[in-house]
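Coordinate inspection notes
Residues per chain are reported as follows:
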Amino acid sequence: MKAFEISAESKILVVGGGRMGAAIINGWLTKGIAAESIYLIDQNQSVLDGYQAQGVNTFSSVDQISVSESFSVFLLALKPQVILKRVGDFNRLINKDTCLISVAAGVTVNTLRSLMTNAKHIIRVMPNTPAMVGKGVLVGYAQEQESAFTNLVEGLFNSLGKFYWVTSEEHMHSVTAISGSGPAYVFYFAQCFIESAKALGLPDALAKDLALETLIGSSVLIDQSIDDVIKLRENVTSPNGTTQAGLEALMADDIFMEQLLDCCKAAKERSIQLS
Ligand SMILES: NC(=O)c1ccc[n+]([C@@H]2O[C@H](COP(=O)([O-])OP(=O)(O)OC[C@H]3O[C@@H](n4cnc5c(N)ncnc54)[C@H](OP(=O)(O)O)[C@@H]3O)[C@@H](O)[C@H]2O)c1
């Protein structure tokens, strides 16, 4: 099923085909957006090669794209630091009808407006890397005057996972700290869990499988159960049993909770610094 019907003459420009740009392009291709309608600029030939083979139009520099090209969507997927220094180079590829969608952490609509003076319509979306497998969480922010573009953005990003809107741009800092950066926290937890399984004496391969399958299975259970996470935890915690003994160590003095909160606050603070 096509999640988003883009007309034959519509073109999507993606600037930056790194981790996030790639996650989004791969999601679009999987969901049936025509490769020929996607134009990708990335300075790394190695990034471009894989997409070229799939029929995506690839360019290693903005100078290779003719001024006469007109794009309906401009997806900005460069690092915030690069955007602040270089994004003006891409201004000429934007016309009054182009919807500029930025996935950059921290960079505000007003900053983008000042850097990309041709952009009349700017929407921010904070995705995360599970979008690569259709399991992303994506959060959009659009100023009121951009309401004509919200369906377009939902159509593009619904196909990559669950899509939400926030009405305050300030919330994008917290969104970035939770769902944007969140997969890295989960991957770190997974790493610690695997190392713990090895430390208990299990062979490496089995340690990895048990830890990861437990994480995956528990996540699916969270998704499918009518119980909340507290009830689910209580359901597997028999009085004086093994789980209770483990949880007492994990939850002692709320240290884990406090460290996770510090982690989220630090990510939010960094997003604010980048803005
Ligand atoms: N990664 C995530 O999990 C995640 C989650 C949410 C949002 N985001 C946002 O997504 C954006 C991209 O992040 P990322 O992790 O995908 O970064 P990335 O992997 O570094 O991808 C950016 C790509 O753009 C290329 N590039 C840099 N300058 C260029 C230029 N002037 N012209 C053409 N290509 C250029 C980079 O090449 P080089 O490698 O040579 O620099 C790289 O291939 C960031 O703003 C980030 O905040 C990322």
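Residues numbered from 1 in each chain as written. Predicted model: local features only at pLDDT ≥ 70, side-chain atom pairs only at ≥ 80, totals over all residues. Heavy atoms only, no water.

1. Quick word on the environment of Arg113
Mapping Arg113 onto the fold places it in helix α4 (residues 109-115). On the basis of relative accessible area, Arg113 is assigned to the partly exposed category, the value being 25%. Residues Arg113 and Leu29, spaced 84 residues apart in sequence, show a C-alpha to C-alpha distance of 29 Å. If near-sequence neighbours (up to four positions away) are discounted, Arg113 is found in contact with Ala119, Lys120, Ile122, Gln143, Gln145 and Glu146. (Helix = DSSP H or I, 4+ residues; strand = E, 2+ residues; numbered from the N terminus. Buried < 20%, exposed > 50% of the residue type's maximum accessible area, 1.4 Å probe, protein only. Contact = heavy atoms within 4.5 Å.)

2. Topic: the pattern of salt bridges
Throughout the structure, instances matching the rule amount to six salt bridges. Where Lys11 meets Glu69, a salt bridge forms, and the shortest distance between an N and an O atom there is 2.6 Å. Taken as a pair, Lys11 in the segment before β1 (12-15) and Glu69 in the loop between β3 (57-59) and β4 (73-76) lie far apart in primary sequence, 58 residues in all. Salt-bridge contacts for Arg86 lead to Asp89; the nearest nitrogen and oxygen are separated by 2.9 Å. According to the relative accessible area criterion, Arg86 is partly exposed, its value standing at 44%. (Salt bridge = Lys/Arg side-chain N within 4 Å of Asp/Glu carboxyl O.)

3. Notes on the nonpolar core
Membership of the largest hydrophobic core comes to 34 residues, with the highest contact counts inside it found for Trp28, Leu75, Ile101, Val125 and Phe157. At seven residues, helix α1 (residues 19-30) tops the list of elements feeding residues into this core. Val62, Val109, Met116 and Val166 belong to the second largest nonpolar core, which has 31 residues in total. (Core = buried A, V, L, I, M, F, W, Y, C linked by side-chain atoms within 4.5 Å.)

4. A word on the UniProt feature "domain: Pyrroline-5-carboxylate reductase dimerisation" (unreviewed entry) in the protein chain
Residues annotated in UniProt with the feature "domain: Pyrroline-5-carboxylate reductase dimerisation" (unreviewed entry) correspond here to residues 169-273. Between the end C-alpha atoms of residues 169-273 the distance is 15 Å, and the span holds 80% helix and 0% strand. (UniProt positions renumbered as here; feature names shortened; annotations may be inferred.)

5. Description of the site of the ligand
Every one of the 21 residues lining the ligand counts as a neighbour, but Met20, Asp42, Asn44, Leu78 and Ala105 are closest to it. Within the side chain of Asp42, a nitrogen or oxygen atom sits 2.8 Å from an oxygen atom of the ligand. Asn44 is positioned such that a nitrogen or oxygen atom in its side chain is 2.9 Å from an oxygen atom of the ligand. Within the complex, 81% of the 880 Å² of free accessible area of the ligand lies under protein. It is helix α3 (residues 80-86) that provides the largest number of residues to the shell around the ligand, a total of three residues. Along the lines of polarity and charge, the residues of the shell around the ligand split into 11 nonpolar, six polar and four charged. (Near = heavy atom within 4 Å. Polar contact = N/O pair within 3.5 Å; in protein donor to acceptor, adjacent residues only side chain to side chain. Areas by Shrake-Rupley, 256 points an atom, 1.4 Å probe, with all protein chains shown as cover. Nonpolar A, V, L, I, M, F, W, Y, C, P; charged D, E, K, R; others polar.)

6. Structural notes on the side chain of Ser10
Structurally, the position occupied by Ser10 is in the segment before β1. You can call Ser10 buried: its relative accessible area is 13%. Residues contacting Ser10, with those up to four places away along its chain left out, are Ser37 and Ser72.

7. What to know about the sheet that holds strand β2 (residues 38-41)
Taken in spatial order, the eight strands make up an open sheet running β3-β2-β1-β4-β5-β6-β7-β8, and their pairing is mixed. This sheet does not close on itself; its edge strands, each paired only once, are β3 and β8 (161-165). Averaged over all neighbouring strand pairs, the angle between strand axes comes to 20 degrees, with direction disregarded. With four bridges joining them, β1 and β4 adopt parallel strand pairing. Along β4, the bridge assignment pairs Leu13 with Phe74. Each of β2 and β3 is contacted by helix α2 (residues 45-53), which is oriented at about 165 degrees to β3, the strand it contacts most. (Pairing = 2+ DSSP bridges. Axes fitted to C-alpha atoms, helices over the stretch in contact; angles between N-to-C directions.)

8. Overview of the UniProt feature "domain: Pyrroline-5-carboxylate reductase catalytic N-terminal" (unreviewed entry) in the protein chain
Here the UniProt feature "domain: Pyrroline-5-carboxylate reductase catalytic N-terminal" (unreviewed entry) sits at residues 11-106. Note that residues 11-106 is 29% helix and 20% strand, and that its end C-alpha atoms are spaced 27 Å apart.

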